[in-house]
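# Working through the structure, step by step
This is what each chain is made of:
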Amino acid sequence: METVESEVFDLENRLEKLVKLSSHMVDGGRQYCTSSRHFVCALRDLSHHSQEDTMLKDCLECFSDSLNTIIDNHMELLDSIQKSFKHKLHHLLKEDIRSFRDSRKELERCREGLEGALNHNAEISRKKAQEVQEAAVAVQTSRKAFRERVLDYALQINVIQGKKKFDILEFMLQLIDAQTCFLTQSHTVLKNVEEYRKGLATQVHQTVLQGAREQRDLEQKLISMKHKDVSDEDAVYQGEGETSEIVIEGYLFKRASNTFKTWSRRWFSIQNNQLVYQKKVDVVTVVIMDLRLCAVKLCPDADKRFCFEVVSPSKSCMLQAESERVLQLWVSAGSEEHHNGVQ
């Protein structure tokens, strides 16, 4: 009995540790699932960034749905583990072992009662016949109660010895079944997207190769462009043929009409017979309403180089180009607009 009692107490300590760790595991698993859901939500939110990129959008949505399903399966696994602990190990620890302890306490109480009755019976003088008879009855009653408690305790020992084995085995079976179900469901989810995943992997591989080729071509163009004279190549852009609304556009310096005559760099263009400039992307300022009524002339006497003036019936505008070539292009474009108006 002492050996069995020692085993039960050892089992209790180990079960308490296991139940505590299982609680931490389930709580940690739920926190992991919560963090995983936030991560998957961020992935799905990322799919709204490139609505026009069908491949990226479909990939993020498809895999996000799959990961969400796996997280749902993981939550079911944690619920199953918690339920198994509660029905098996927790019940074994809180109910069966507690009953075993209560039975042992009751047996100890009966043993102390029997010892007390025996001691009292031994101390009575033979001359006190009535007390001797009463003490003998008390001993008999205590001995009977003790024997019944011993038998109950022995039964309790056998019950808990068998129950602990079967409860632990059933718990392990339920745990492995839950794990098997989780892994099978997750495998099914991933299996359903396997064909799409393989096709996407092929597309990504081809895209990477194409991107590498494009990068190589760009690097070669960059090398060739480094050897070109780019002193003023980005200073002016001419329209493409008669169908273009923009005749010419590029950066020019404009002299203000205020007292200080300050110069400001602006993006100018000739479009729809007008000379306009932009300080901001969406803000267009009209400088000359109709170039067909204007004259464009060079200003060789100006203090600054590459200056020309656009003169209308109501006002004039002093402008400065970046180079002689750019100056000639703007003067030519402005003069052509004027000639078209004259015709």
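A few points on the structure. (Residues numbered from 1 in each chain as written. Predicted model: local features only at pLDDT ≥ 70, side-chain atom pairs only at ≥ 80, totals over all residues. Heavy atoms only, no water.)

## Remarks on the pairing of strand S2 (residues 246–255)
Here strand S1 (residues 236–238) runs beside S2; their pairing, made up of three bridges, is antiparallel. Directly across from Tyr237, in S2, lies its bridge partner Glu249. By the bridge criterion, nine bridges tie S2 to strand S3 (residues 263–271) in an arrangement that is antiparallel. The residue of S3 that forms the bridge with Arg255 is Trp263. (Pairing = 2+ DSSP bridges. Helix = DSSP H or I, 4+ residues; strand = E, 2+ residues; numbered from the N terminus.)

## Some details on the packing of helix H2 (residues 54–123) against helix H3 (residues 129–192)
Orientation of H2 relative to H3, taken along the N-to-C sense of each, is 170°, at an axis distance of 8 Å. Classed by the angle they form, the pair H2 and H3 counts as roughly antiparallel. Residues belonging to the contact of H2 with H3 are distributed by class as follows: 31 nonpolar, 18 polar and 13 charged. (Axes fitted to C-alpha atoms, helices over the stretch in contact; angles between N-to-C directions. Parallel < 35°, antiparallel > 145°, perpendicular 65-115°, else oblique. Nonpolar A, V, L, I, M, F, W, Y, C, P; charged D, E, K, R; others polar.)

## Focus: the side chain of Asn73
Looking at where Asn73 falls in the secondary structure, it is placed in helix H2. Contacts of Asn73, omitting those with residues within four sequence positions, involve Phe182, Gln185, Ser186 and Val189. (Contact = heavy atoms within 4.5 Å.)

## With respect to the packing of helix H1 (residues 2–47) against H3
When two helices pack together, their arrangement is given by the angle between the helix axes and by the axis-to-axis distance. The N-to-C vectors of H1 and H3 enclose an angle of 40°; their axes lie 11 Å apart at closest approach. If you check the angle between H1 and H3, you find them oblique. Considering how the two elements wind past one another, H1 and H3 form a crossing that is left-handed. Residues Val4, Glu5, Glu7, Val8 and Leu11 of H1 form the contact with H3, whose own contacting residues are Tyr153, Ile157, Ile160, Gln161, Lys164 and Ile168. (Left-handed = near helix turned anticlockwise from the far one by under 90°.)

## Looking at the environment of Tyr277
With respect to the helices and strands, the residue Tyr277 is situated in strand S4 (residues 274–280). Between the alpha carbons of Tyr277 and Tyr251 there is a distance of 9.0 Å; along the sequence they are 26 residues apart. With residues up to four places along the chain from it excluded, the contact list for Tyr277 reads Lys254, Arg266, Trp267, Phe268, Val283, Val284, Thr285 and Val287.

## Points about the packing of aromatic side chains
A complete count under the given rule lists four aromatic pairs for this structure. When the centroid spacing of 4.5 Å and the interplanar angle of 55° are considered together, the rings of Phe85 and Phe171 count as tilted. Residue Phe85 is found in helix H2, and its partner Phe171 is found in helix H3; the two are separated by 86 residues along the sequence. Residue Phe85 shares its accessibility class with Phe171, and that shared class is buried. Of note, Arg265 hangs over the ring of Tyr251, and the distance from its end group to the ring centre comes to 3.8 Å. (Phe/Tyr/Trp six-rings, centres within 6.5 Å; stacked < 30°, edge-to-face > 60°. Buried < 20%, exposed > 50% of the residue type's maximum accessible area, 1.4 Å probe, protein only. Lys NZ or Arg CZ within 6 Å of the ring centre and 35° of its normal.)

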